[in-house]
Amino acid sequence: MGMGQNKKTRQPGVFSFVHSERGSALVLVMFIVLLLTILGTAVLSATIGGAQRSEIRENDVQSLHLAQKGLNEAAAYIQSELRGLQLEDIDPYSLGVILAKLDQNKSSLKVATELQSTSRGEVDGIKYDESKDKKITKQSIQYTINITSKAVVNGVERTLRQQVIIDSYPDFLKYVFGSEQTLRLNGAPVLKGNVYAGEKLLVTNTPWYTYLRHRYPEVTHDFPEITGNADGSAPGEVHVQGMDSIKYKENFQPKESILSEDQEDEMTSLPEEENSRNDVLNKILYVNSANVKIKEKNKFVQINVEESFFDKLAQGLSVSKDDLSQKALRSSMRTEYNKGIAAFNSWIIGRSEVSHIQGMPEAPEKVLPDADEAELAQYEKDLEDYELKLQELENLNSTVIFNGNLVVDGLAYKRLFYPPEISNENDPKSGGMPRWFIVAGNLEINNFKPDFLPVRANILVTGNVKIKGNVEFDSTMLVLGDTTVEDANIRGYRGTTLEAKELVLISKGKVLINRLHAFAVNEPSPEETMEAFFYTDSSGELYGVGSMFHLIGGFFAKGNLTVNAVKGNVTKPISDEGGGLNISQAAVPERFVIDYKPDIYENQQSSLPRVQSVNVNVGPMQLIN
């Protein structure tokens, strides 16, 4: 009975346990449904929020694009307004008047999209920053315009700002070495600054030279080297039309029957693969792809030497600074110049607006001690007049025309000099109204005395120019003929400030530089290094083989430009029949070095040539809100 009773007492417990689980499934299902509902609501909320954020982001992007379109419209408008200006209309000191009017027409610029009902855009301002007018820096004289553009898309508003820099001087002064056509670098020249090739850049390690009328090639261990300049203002960039415009040739060995350096057909283009291209660029120019910049030729701001000459001549001759008077005077000059240089010289000599020096004075013939009083008196008067004429070039203060050929030799004519003024604005050489020394003929400057002959003047020469010996310059010189620099030490005039100036020589004809430190074994000292910038409207060929060519400044040609250079010592053969020169291939001395000097703009700003168009540089965009 005990056992049976025990079975009866356990039975209700089991049924009770089963009965108690009957509602749990419903609770679990309801819990899962609630969880799914919460998750679904969260997903739906996230989807709706994401869509809203996507729409806001889309509106944000559209408003930025619309504002960017406004900046592009304004920049294009500025370029179109300046593109039509002619050379005679561009005055670096009154260009601000034109720029100040740009803001007046901003409302005419269309900034719109297809979403006209929900969006709007406008050019908010084209403000000429007068506080930065004629800003003089180490690189250029600049004009600054600040553009702002505003756009609203579905309530999302964005404002962008961009700075446009307008440079009113020619591009060639920005380069240590360059050509508007083909630039050929042969051998081992060292160029410290930016380089420009308007068509092709051809590079070899085979310089050529002429010795005893024979042309010789010389394969060097090294290629040209392009680096940054001394003060870091020019980082050593190579500006070309495209990567495919650079070609090179290593270890070119011409056949004896064809002694020619024209190797372009045998040259190799740069590899397309970037790492391989960098390896080649580093080898042939000491740069990488990041240093190669694309500078389209149609954006290169050129100069016209003849028009620049007429512009400066009119500036010197004209009493009236009225634009119409200046334009009429330039027109008259062109007419006479087109008749020939003799007619042009006669026209200049006949101008009565400025003072003249009547050619080279002749020393009076000495009279015998026992001459009568009348003869002695006349001689004394003639001698006094002669000495006064000789002093005319030593203290100039106004525009002067020299009638005929001039020789400044440190003996009779001891210098060509416009003394500096206390006020920079009134300085006759570099002030706001620069004076010009005009030579209606040829100019020769030579001085073989140890003391340097000073030339501080803005000079216009209708004929040829020749420079020899020791001369120091603070000068901008425009030459319609050829230029020859022969056995010359050209350094910058320092004056009382001890800051070296320079010579900027712009020649319509060829620039020939001969025998600088021929066969020297030591690099030129700082006192012997030329401080000058040369430009030729023709082609050019420079050498650093037997000679030692060191220049602080630059050299640029409108036509083709070639440099042939080596490193190491160079000596003549023992016999004149011994063939070419003896060249020791070594790292030093560097026989051809040009170091770019950015101070040209600051030192010569008032006398530099004006250009046919202005250079417009658009800066990066900035988000205001």
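Residues numbered from 1 in each chain as written. Predicted model: local features only at pLDDT ≥ 70, side-chain atom pairs only at ≥ 80, totals over all residues. Heavy atoms only, no water.

Trainee: Can you explain the overall build of the protein chain? Please cite residues and give values.
Mentor: Within the protein chain, the secondary structure is distributed over nine helices and 36 strands. Per-residue burial for the protein chain yields a buried fraction of 49% across its 625 residues. Here the analysis covers contacts within the protein chain between residues at least 6 apart in sequence; of these, 64% occur between residues at least 24 apart. (Helix = DSSP H or I, 4+ residues; strand = E, 2+ residues; numbered from the N terminus. Buried < 20%, exposed > 50% of the residue type's maximum accessible area, 1.4 Å probe, protein only. Contact = heavy atoms within 4.5 Å.)

Trainee: Can you explain the sheet that holds strand β9 (residues 201-204)? Please cite residues and give values.
Mentor: Within the open sheet, the six strands sit side by side as β15-β14-β9-β6-β32-β30. Their pairing is mixed. The open sheet has two edge strands with one neighbour each: β15 (268-269) and β30 (540-544). With two bridges joining them, strand β14 (residues 246-249) and β15 adopt antiparallel strand pairing. Along β15, the bridge assignment pairs Lys247 with Ser269. (Pairing = 2+ DSSP bridges.)

Trainee: Before we move on, can you summarise the packing of helix α5 (residues 305-317) against helix α7 (residues 341-349) with the specific residues and values?
Mentor: One can describe the packing of α5 onto α7 by two numbers: an axis separation of 13 Å at closest approach and a directional angle of 20°. Relative to α7, the element α5 is oriented roughly parallel. Viewed along their axes, α5 and α7 form a crossing whose handedness is left-handed. Within the contact between the two elements, α5 uses Phe309, Phe310, Leu313 and Leu317 and α7 uses Phe344, Trp347 and Ile348. Taken together, the residues of the contact of α5 with α7 break down into seven nonpolar, no polar and no charged. (Axes fitted to C-alpha atoms, helices over the stretch in contact; angles between N-to-C directions. Parallel < 35°, antiparallel > 145°, perpendicular 65-115°, else oblique. Left-handed = near helix turned anticlockwise from the far one by under 90°. Nonpolar A, V, L, I, M, F, W, Y, C, P; charged D, E, K, R; others polar.)

Trainee: I'd like a rundown of the side chain of Ser149, residues and numbers included.
Mentor: Among the secondary structure elements, Ser149 is positioned in strand β3 (residues 141-153). Of the polar contacts made by the side chain of Ser149, one reaches the backbone oxygen of Ala67; its length is 2.9 Å. Of note is the side chain of Ser149, whose polar atom sits 3.3 Å from the backbone oxygen of Glu122. With sequence-adjacent residues up to four places away left out, Ser149 is seen in contact with Leu66, Ala67, Gly70, Leu71, Glu122, Val123, Asp124, Arg158, Thr159 and Leu160. (Polar contact = N/O pair within 3.5 Å; in protein donor to acceptor, adjacent residues only side chain to side chain.)

Trainee: Can you lay out unusual backbone geometry for me, pointing to particular residues and giving the numbers?
Mentor: Cis rather than trans, the peptide bond between Val588 and Pro589 has omega equal to 0°. The backbone phi angle of His517 is positive, close to 55°, even though this residue is not glycine.

Trainee: Quick one: what's the story with the pairing of strand β35 (residues 592-596), residue by residue and with numbers?
Mentor: Within β35, five of the five residues are buried, which leaves it mostly tucked inside the rest of the structure. Here β35 shows two buried faces, one formed by Phe592, Ile594 and Tyr596 and the other by Val593 and Asp595. By the bridge criterion, three bridges tie strand β7 (residues 190-192) to β35 in an arrangement that is parallel. Looking at the pairing, Leu191 lines up with Ile594 of β35. With five bridges connecting them, strand β31 (residues 549-557) and β35 associate as parallel partners.

Trainee: Talk me through helix α8 (residues 373-390); I want residue IDs and the actual numbers.
Mentor: Between its terminal C-alpha atoms α8 stretches 26 Å, which fits the 26 Å expected from 18 residues at 1.5 Å a residue. Those residues of α8 that sit buried are Tyr379, Tyr386 and Leu390. All buried residues of α8 lie within an arc of 35° about the axis, which places them on one face of the element. Turned more than 90 degrees off the buried face of α8, the exposed positions are Glu373 and Ala374. For α8, the N-terminal capping position is held by Asp372, with its side-chain oxygen 3.2 Å away from the main-chain nitrogen of Ala374. (Expected span 1.5 Å × (residues − 1). Arc of directions from axis to C-beta.)

Trainee: Please provide a residue-by-residue account of the pattern of salt bridges, values included.
Mentor: Proximity of charged atoms lets side chains of opposite charge pair with each other. Here the structure, examined in full by the defined rule, presents 22 salt bridges. Among the salt bridges present, the one from Lys567 reaches Glu225, with a minimum N-O distance of 3.6 Å. One end of the pair, Lys567, is in the loop between β32 (561-565) and β33 (570-571); the other, Glu225, is in strand β12 (residues 225-227), and 342 residues separate them in sequence. One exposure class covers both Lys567 and Glu225, and it is buried. The shortest N-O distance in the salt bridge between Glu531 and Arg494 comes to 3.6 Å. Note that Glu531 is positioned in strand β29 (residues 530-536) and Arg494 in the loop between β26 (483-492) and β27 (503-507), a separation of 37 residues in sequence. Residue Glu531 is classed as buried on the basis of its relative accessible area, which comes to 7%. The exposure class assigned to Arg494 is partly exposed, which follows from its relative accessible area of 31%. When salt bridges that share partners are traced, they join Asp427, Lys429, Arg456 and Asp474 into one network. (Salt bridge = Lys/Arg side-chain N within 4 Å of Asp/Glu carboxyl O.)

Trainee: If you had to explain α5 to someone new, which residues and values would you point to?
Mentor: Over its 13 residues, α5 extends 18 Å from the first C-alpha to the last, a length consistent with the 18 Å expected when each residue adds 1.5 Å. Burial analysis of α5 places eleven of its 13 residues in the buried class, which makes it a mostly covered element. The distance from a side-chain oxygen at the start of α5 to the backbone nitrogen of Glu306 is 3.1 Å, and the residue carrying that oxygen is Asn304.

Trainee: Go over the environment of Ala197 with me, naming the residues and quoting the values.
Mentor: Along the chain, Ala197 falls in strand β8 (residues 195-197). Residue contacts for Ala197: discarding those within four places in its chain leaves Ser179, Gln181, Leu183, His239, Val240 and Gln241.

Trainee: Report on the environment of Asn304, specifying residues and quantitative values.
Mentor: With respect to the element layout, Asn304 can be found in the loop between β16 (292-294) and α5. For Asn304, a relative accessible area of 27% corresponds to the partly exposed category. Sequence spacing of Asn304 and Pro170 is 134 residues, and the spatial spacing of their C-alpha atoms is 9.9 Å. Within the structure, the side chain of Asn304 is placed 3.1 Å from the backbone nitrogen of Glu306, a separation counted as a polar contact. There is a polar contact of 3.0 Å between the side chain of Asn304 and the backbone nitrogen of Glu307.

Nothing here speaks to function; it is geometry throughout.
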